[in-house]
Amino acid sequence: MSNRNISDLHPPSRILLGAGPSNVHPRVYQAMMAPILGHLDPDFLHIMDETKDLLRAVFRTQNEETIAVSGTGSAGMEAAVANLIEPGERAVVCVAGFFGDRIAEMASRYGAEVTRVEAEWGRIIEPEAVEAALKAASRTKLVAIVHAETSTGIHQPLDDIVRLTHEHGALLLVDAVTSLAGCELAVDDWGIDACHSASQKCLSCPPGTAPLTFSTRAVDALRSRETKVRSWYLDMTLLDNYWGGKRAYHHTAPMSMVYALREGLRLVLEEGLEARLGRHQRNGQALRAGLEAMGLTLHAQEAYRLPVITTVRVPDGIDDLKLRRALLYEHNIEIAGGLGPLAGKVWRIGLMGVASSAENVLAVLAALEQELSAQGFRLEKGAGVAAADRALGEG
Ligand SMILES: *Cc1c(COP(=O)(O)O)cnc(C)c1O
């Protein structure tokens, strides 16, 4: 038998500073070893209830309809779109990166008439452009936007867009996959109607669950649908009968993933949301200072740069893949390359959840300095680390 030659499983323990997954907290791994229960065991149902409460605290919402979708961030995104769109309805989707484009693609597959509001990859969506799209159409059901565009490093302001969306009687869907627990987000105070996230970015869990919350307005829209939700697996009404209500079997919950999420959320609240956001802010700032001091150019529009993922341009004459390989194999650090039009043009350095540490900032800068120098890039030795160190001291 050939599999006799396959050894025990020993994947390396990497420092994950890419676009997600990020490093998993040891307590989350520990939680995943807890015994599996029946999917309707009262003890498991209780754990689901606790997870919902923790999710509400981290999303900063009172929304009854707050669950973890079984699946990755895209499953959360697809659940939001599938439930809030009926064939023929209009959706305005903001596209300034890879994930905005994914939402637009999903909305059109669920039968929406999609109007794309576009911006260059690396710039924010301007509220005026959203307003123009809303005015141009008779009736818009849904406006969708990405809060933290992981492909560009842009931190999208939402206040004007929420207001405009509601003035036009539409619902606002926000992709908070990379912002939840890493950037400020207040679902209720900001008036967001639907918001999805993922376990493997700033929550320090493995990929596999997608937090999702619906406001009462979103639930009303769901209840007054004329057609059935086209996805059976992601039908929020059926899912809610398992996560709440009748506790009816729908699908077998991935218990270990729910345990992981529950522990990840507990860690967020233990640290405190404000302290956690402060930590991400500080480390993001230090990384940017270090990169600029090394003579590199940040890609995202100034004043709208995310603390949790930084895009930096690949300098002329530097081999992108070779550098990322060297970081991985020589320094045990993963960073991400660019997506779509930014492929080969930028690196994306994530500082998410437990991986957002001063130690990792200094480690990635030192590794970058060494590998850039090895490829002939001229820089002042030690300048990046020194600038980051200074910024950390000030923060
Ligand atoms: C990672 C990511 C997603 C997709 O999540 P998957 O877990 O890969 O399915 C969606 N939106 C944003 C902004 C992301 O960063």
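For clarity, every value in this text was computed on a predicted model and none was experimentally measured.

Chemist: What am I meant to see in unusual backbone geometry here?
Modeler: Note: most residues except glycine have negative phi, and most peptide bonds are trans. Omega for the bond connecting Gly20 with Pro21 falls within 30 degrees of zero, at 5 degrees, which places this linkage in the cis form. Mapping Pro21 onto the fold places it in the loop between strand S1 (15-16) and helix H1 (26-32). For Arg247, which is not a glycine, the phi torsion comes out positive at approximately 55 degrees. As for its placement among the helices and strands, Arg247 is situated in the loop between helix H9 (236-243) and helix H10 (255-271). Judged by relative accessible area, Arg247 falls into the buried class, the value being 18%.

Chemist: Mind showing me how you'd approach the domain arrangement of the protein here?
Modeler: How big an interface is tends to be stated in terms of the accessible area lost upon association of its parts. Split by domain assignment, the protein resolves into domain 1 (26-270) and domain 2 (273-394). Between domain 1 and domain 2, the C-alpha centre-to-centre distance is 29 Å. In this complex, domain 1 contributes 29 residues to the contact, which on the side of domain 2 involves 22 residues. Surface buried jointly by domain 1 and domain 2 totals about 2,100 Å² across both partners, of which 66% is contributed by carbon and sulfur atoms. Sorting the residues of domain 1 by area buried against domain 2 places Trp121, Thr150 and Gly153 first, and these three jointly supply 21% of that buried surface. Run the count over domain 1 and domain 2 and you get zero salt bridges. Counting the contacts that link domain 1 with domain 2 gives ten residue pairs in polar contact (both at pLDDT 80 or more). At the level of elements, helix H2 (42-59), helix H4 (98-109), strand S6 (148-149), strand S7 (154-155) and H10 are the ones that each hand at least two residues to the side of domain 1 that touches domain 2. Grouping the constituent residues of the side of domain 1 that touches domain 2 by class yields 15 nonpolar, nine polar and five charged.

Chemist: Quick question: what am I supposed to make of the site of the ligand here?
Modeler: Within the structure, the ligand sits among 14 residues, and Thr72, Ser74, Thr150, Gln200 and Lys201 are positioned closest to it. In the model, an oxygen atom of the ligand is placed 2.7 Å from a nitrogen or oxygen of the Thr72 side chain. In the model, an oxygen atom of the ligand is placed 2.9 Å from a nitrogen or oxygen of the Thr178 side chain. Within the complex, the protein chains bury 89% of what would otherwise be the 380 Å² of accessible surface of the ligand. Among the elements that line the shell around the ligand, the one with the most residues is helix H3 (residues 73-84), at three residues. Tallied by class, residues from the shell around the ligand come to five nonpolar, six polar and three charged.

Chemist: Would you mind going over the sheet that holds strand S9 (residues 194-196) with me for this structure?
Modeler: Each strand in a sheet pairs with its neighbour through backbone hydrogen bonds, running either in the same direction (parallel) or in the opposite one (antiparallel). With mixed pairing, seven strands are arranged side by side in an open sheet as S2-S10-S9-S8-S5-S3-S4. The sheet is open, and its two borders are formed by strand S2 (65-70) and strand S4 (113-118), each paired with just one other strand. Between one strand and the next, the sheet's axes are offset by a mean angle of 20 degrees, whatever the strand orientation. As paired strands, strand S8 (residues 171-175) and S9 are joined by three bridges and run parallel to one another. Bridge pairing links Leu173 to Ala194 in S9. Relative to the sheet, helix H5 (residues 127-136) contacts strand S3 (90-95), S4 and strand S5 (142-146), its axis offset from that of S4 by approximately 155 degrees.

Chemist: Honestly, the pattern of salt bridges in this entry has me stumped. Any pointers?
Modeler: If the charged atoms of two oppositely charged side chains come close together, the side chains can form a pair. All chains considered together, the criterion is met by 20 salt bridges. As a salt-bridge pair, Glu64 and Arg56 come within 3.9 Å of each other at their nearest N and O atoms. Owing to a relative accessible area of 13%, Arg56 belongs among the buried residues under this scheme. Ionic pairing is found between Lys141 and Glu89, a salt bridge with its closest N-O pair at 2.9 Å. In this pair, Lys141 is assigned in the loop between H5 and S5 and Glu89 in the loop between H3 and S3, connecting sequence segments 52 residues apart.

Chemist: Sorry if this is basic, but what is going on with the packing of aromatic side chains here?
Modeler: Think of a pair of aromatic rings as described by two things: how far the centres are apart, and how the planes are tilted against each other in angle. Applying the stated criterion across every chain yields a total of three aromatic pairs. Consider the rings of Phe44 and Tyr259, whose centres lie 6.3 Å apart with planes at 70 degrees: the pair is edge-to-face. Within this pair, whereas Phe44 is found in helix H2, its partner Tyr259 is found in helix H10, the two being separated by 215 residues in sequence. Its relative accessible area of 0% is what places Phe44 among the buried residues. Since its relative accessible area comes to 7%, Tyr259 is described here as buried. Considering the side-chain rings of Phe98 and Phe99, the 5.2 Å spacing of their centres and the 80 degrees angle between planes classify their relative orientation as edge-to-face.

Chemist: Sorry, what's going on with the packing of H5 against helix H6 (residues 159-167) here?
Modeler: Helix-helix packing: each pair is described by the crossing angle between the helix axes and the interaxial distance. Packing of H5 against H6 brings their axes to within 9 Å, and their N-to-C directions diverge by 10 degrees. The angle between H5 and H6 falls in the class roughly parallel. The way H5 lies across H6 gives a crossing that is right-handed. On H6, the residues touching Pro127, Val130, Glu131 and Leu134 of H5 are Asp160, Ile161, Leu164 and Thr165. Among the residues making up the contact of H5 with H6, the classes are represented as five nonpolar, one polar and two charged.

Chemist: Would you mind going over the environment of Ala186 with me for this structure?
Modeler: On the secondary structure map, Ala186 appears in the loop between S8 and helix H7 (187-190). Overall, the relative accessible area of 1% leaves Ala186 in the buried class. Among all residues touching Ala186, those that are not within four sequence positions of it are Phe59 and Arg60.

Chemist: Would you mind going over the nonpolar core with me for this structure?
Modeler: Note on soluble globular proteins: their nonpolar side chains tend to be buried together. Of all hydrophobic cores here, the largest spans 96 residues; its most connected members are Phe44, Ile125 and Phe214. Counting only domains with at least three residues in this core, you end up with domain 1 (26-270) and domain 2 (273-394). Setting aside anything within four residues of it in sequence, one finds Ile125 in contact with Cys94, Val95, Ala96, Val117, Glu118, Ala119, Val130, Ile145, Gln156 and Ile161. Ranked by size, the runner-up nonpolar core spans 29 residues in total, among them Val312, Ile318, Ala355 and Leu392.

Procedures and definitions
Residues numbered from 1 in each chain as written. Predicted model: local features only at pLDDT ≥ 70, side-chain atom pairs only at ≥ 80, totals over all residues. Heavy atoms only, no water. Helix = DSSP H or I, 4+ residues; strand = E, 2+ residues; numbered from the N terminus. Buried < 20%, exposed > 50% of the residue type's maximum accessible area, 1.4 Å probe, protein only. Domains from an automatic or database assignment. Contact = heavy atoms within 4.5 Å. Buried area = accessible area lost by both parts, 1.4 Å probe. Salt bridge = Lys/Arg side-chain N within 4 Å of Asp/Glu carboxyl O. Polar contact = N/O pair within 3.5 Å; in protein donor to acceptor, adjacent residues only side chain to side chain. Nonpolar A, V, L, I, M, F, W, Y, C, P; charged D, E, K, R; others polar. Near = heavy atom within 4 Å. Areas by Shrake-Rupley, 256 points an atom, 1.4 Å probe, with all protein chains shown as cover. Pairing = 2+ DSSP bridges. Axes fitted to C-alpha atoms, helices over the stretch in contact; angles between N-to-C directions. Phe/Tyr/Trp six-rings, centres within 6.5 Å; stacked < 30°, edge-to-face > 60°. Parallel < 35°, antiparallel > 145°, perpendicular 65-115°, else oblique. Left-handed = near helix turned anticlockwise from the far one by under 90°. Core = buried A, V, L, I, M, F, W, Y, C linked by side-chain atoms within 4.5 Å.

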